[in-house]
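What follows is the residue order along each chain.
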Amino acid sequence: MLGRLRNSYAEIDLGALERNFLNLKGLLKNCSMVPMIKADAYGHGDVQVARVCERLGARFLGVALVEEGIRLRLAGVQTPILVFCQFDSMGAEAIVKYRLTPVLSVLDQIKKLKSVLHETASYPVHVKFNTGMQRLGFEPEEASRVATEFQKEAYLKLEGVCTHFAAAEDDGDMTKDQLKIFNQVMSDIRKINQNSMLFHYLNSAGLLSGLQPQLDLARPGISLYGALPKLKKDSPVLLQPVMSVKSFIGFIHRVRKGARVSYGGTFQASKDSVIAVVPMGYADGLPRVLSNKGTVLVRGTSCPIVGIVCMDYFMIDVTELADQNHGPLVGDEVVIIGQQNDKIILADHLAKIANTVSYEILTGMQARLPRIYIH
Ligand SMILES: Cc1ncc(COP(=O)(O)O)c(C=O)c1O
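Residues numbered from 1 in each chain as written. Predicted model: local features only at pLDDT ≥ 70, side-chain atom pairs only at ≥ 80, totals over all residues. Heavy atoms only, no water.

K.L.:
Just to check I follow, could you spell out the packing of helix H8 (residues 143-152) against helix H9 (residues 173-192) for this structure?
P.N.:
Each pair of packed helices gets described by two things: the angle between the helix axes and the distance between those axes. Viewed as axis vectors pointing N to C, H8 and H9 meet at an angle of 35°, and their least axial separation amounts to 8 Å. The hand of the H8/H9 crossing is right-handed. Residues Ala 143, Ser 144, Ala 147, Thr 148 and Gln 151 of H8 lie in contact with H9, whose contacting residues are Val 185, Asp 188, Ile 189 and Ile 192. Looking at the contact of H8 with H9, its residues break down into five nonpolar, three polar and one charged. (Axes fitted to C-alpha atoms, helices over the stretch in contact; angles between N-to-C directions. Helix = DSSP H or I, 4+ residues; strand = E, 2+ residues; numbered from the N terminus. Left-handed = near helix turned anticlockwise from the far one by under 90°. Contact = heavy atoms within 4.5 Å. Nonpolar A, V, L, I, M, F, W, Y, C, P; charged D, E, K, R; others polar.)

Shown next as structure tokens:
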């Protein structure tokens, strides 16, 4: 209900999400899907996305934070959830309480988990190795020691071993080195622990570039949402954008040549112009750097953003549409991301202008922008 009070919104196409999931899954051979749904499913709504992925048979769901895992459990999601962040004692308690599967990067976390485990049954955990990203993970030289530690543990079971690529779109030196190091890690671990285990490293770029071997699990994020990571070749499967961002024309001003628009008057009309006001701003996630740079779609026509993007509004020049004598009108749909007639604006287009990546554009869409779900 609240969502409908505001007519600027992010439309989430769960049908497109389902098709992307199935197309990505089609690339996997003996490898299972772990959709990454951290950061509110890259801005798409974690619970809604989790429900689709659960129905389609995801083996695990991947989140960054313990809180993100808890949200999913409270919403009734049953699929095993991998939590990639580090945690303190309180985090360990929550992990066990909500049956989350932690991905450990330091041995100290074993102690924290053990101190809150009340059952003797082996609790599943994964471990991560730093093979070159220099972010999280045990150092590769620690592989044998980590495996030995788990051999001693009755309370914990080493269910999985993973790493994360820094440049998987590229089979250059960095990826080759990471692969070599992870192979060594896997072999060191297998020498000590012959139990069946899940090895994983594929993200979207690795999966779409055909990186081999795929191992046991793949963890695509951005591709699931229909945006592409950096790739050297075209995607081998069709991926459709899941999020569209839409608003409408709230006001129309007819201004004289020379009129200035928005804070600082950075845009000055070069002729008598028609300026439309759109009730969405940087507090909703429209990057302020699109001021005087971005475009949106109105009636299938590209209209430039003019002047500085404000917190709750931005202005567009619709003179061209007005000249064509068919509008525009207050209430007309404005597409910020998405398709209108035969034109489309991708998150990636905004990202290029804003000198960032589609990940930041999508996750940057704020909670104050209601999510409307369609199939
Ligand atoms: C550990 C981990 N795995 C997988 C992914 C998914 O990456 P992508 O969205 O590029 O597919 C991420 C995202 O950053 C990640 O941090």
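K.L.:
What exactly am I supposed to notice about the site of the ligand here?
P.N.:
What surrounds the ligand is a group of 14 residues, the closest being Tyr 42, Ser 204, Gly 221, Ile 222 and Tyr 359. A distance of 2.5 Å separates an oxygen atom of the ligand from a polar atom in the side chain of Ser 204. Measuring from an oxygen atom of the ligand, one finds a backbone N or O atom of Ile 222 at 2.8 Å. Look at the ligand: alone it shows 390 Å² of surface, and the protein chains cover 91% of it. Partitioning the shell around the ligand into residue classes produces six nonpolar, four polar and four charged. (Near = heavy atom within 4 Å. Polar contact = N/O pair within 3.5 Å; in protein donor to acceptor, adjacent residues only side chain to side chain. Areas by Shrake-Rupley, 256 points an atom, 1.4 Å probe, with all protein chains shown as cover.)

K.L.:
Would you explain the sheet that holds strand E4 (residues 81-83) in this entry?
P.N.:
Strand pairing in a sheet is mediated by backbone hydrogen bonds. Such pairs are either parallel or antiparallel. One open sheet holds the eight strands; their spatial order is E2-E9-E8-E7-E6-E5-E4-E3, and the pairing between them is parallel. Each edge of the sheet is formed by a strand with only one pairing partner; in this case those strands are strand E2 (32-33) and strand E3 (61-63). Pairing between strand E7 (residues 156-162) and strand E8 (residues 198-202): three bridges, direction parallel. Across the sheet, residue Cys 162 finds its bridge partner in E8, namely His 200. (Pairing = 2+ DSSP bridges.)

K.L.:
How do you make sense of the side chain of Asn 130 when you look at a structure like this?
P.N.:
As for its position among the elements, Asn 130 is in the loop between strand E6 (123-128) and H8. A distance of 2.8 Å separates a polar atom in the side chain of Asn 130 from a polar atom in the side chain of Gln 134. Contacts of Asn 130, omitting those with residues within four sequence positions, involve Arg 135, Leu 136, Gly 137, Phe 138, Glu 139 and Pro 140.

K.L.:
For this particular structure, what's the right way to read the nonpolar core?
P.N.:
Nonpolar side chains in soluble globular proteins tend to be buried together. Counting 120 residues, the largest nonpolar core has Val 161, Phe 314, Ile 316 and Ile 336 as its most contacted members. Summarising the domain contributions, this core has at least three residues from each of domain 1 (14-225) and domain 2 (243-345). If we ignore the near neighbours within four places in the chain, the residues touching Phe 314 are Ala 276, Val 277, Val 278, Met 280, Leu 286, Val 296, Ile 305, Val 309 and Ile 336. Residues Val 255, Val 261, Ala 269 and Val 277 belong to the second largest nonpolar core, which totals nine residues. (Core = buried A, V, L, I, M, F, W, Y, C linked by side-chain atoms within 4.5 Å. Buried < 20%, exposed > 50% of the residue type's maximum accessible area, 1.4 Å probe, protein only. Domains from an automatic or database assignment.)

K.L.:
How should I be thinking about the pattern of salt bridges in this particular structure?
P.N.:
If the charged atoms of two oppositely charged side chains come close together, the side chains can form a pair. Going through the model one piece at a time under the given rule, you end up with 16 salt bridges. A salt bridge links Arg 299 to Asp 332; its shortest N-O distance comes to 2.6 Å. Here Asp 332 lies in the loop between helix H11 (319-323) and strand E18 (333-340) and Arg 299 lies in the loop between strand E15 (295-298) and strand E16 (301-306), a separation of 33 residues in the sequence. Salt bridges here are not isolated pairs; linked through shared partners, they connect Arg 6, Asp 284, Asp 312 and Arg 368. (Salt bridge = Lys/Arg side-chain N within 4 Å of Asp/Glu carboxyl O.)

K.L.:
Can you walk me through unusual backbone geometry in this structure?
P.N.:
Apart from glycine, the bulk of residues carry a negative phi angle, and the bulk of peptide bonds sit in the trans form. Here the residue pair Gln 212 and Pro 213 is connected by a cis peptide bond, since its omega of -5° sits within 30 degrees of zero. Phi is positive for Ala 39, which is not a glycine, with a value near 50°. Of note, Asn 355 is a non-glycine position whose phi angle comes to about 60°, a positive value. Position of Asn 355 among the secondary structure elements: in the loop between helix H12 (347-353) and helix H13 (358-363).

K.L.:
Please explain the packing of aromatic side chains as it appears in this structure.
P.N.:
Geometrically, a pair of aromatic rings is defined through the distance of the ring centres and the angle of the planes. A full pass over the atoms with the stated rule returns five aromatic pairs. On the numbers, 6.1 Å between centres and 40° between planes, the contact of Tyr 42 with Tyr 359 is tilted. Highlighted residues: Tyr 42 in helix H3 (residues 38-43) and Tyr 359 in helix H13, separated in sequence by 317 residues. Of the residues examined, Tyr 42 reaches a relative accessible area of 8% and is grouped as buried. Ring centres 5.7 Å apart and planes at 45° place the aromatic pair Phe 129 and Phe 138 in the tilted group. The residues Phe 129 and Phe 138 share a single accessibility class, namely buried. By the ring-pair criterion, three or more aromatic residues cluster together here, those being Tyr 42, Tyr 225 and Tyr 359. (Phe/Tyr/Trp six-rings, centres within 6.5 Å; stacked < 30°, edge-to-face > 60°.)

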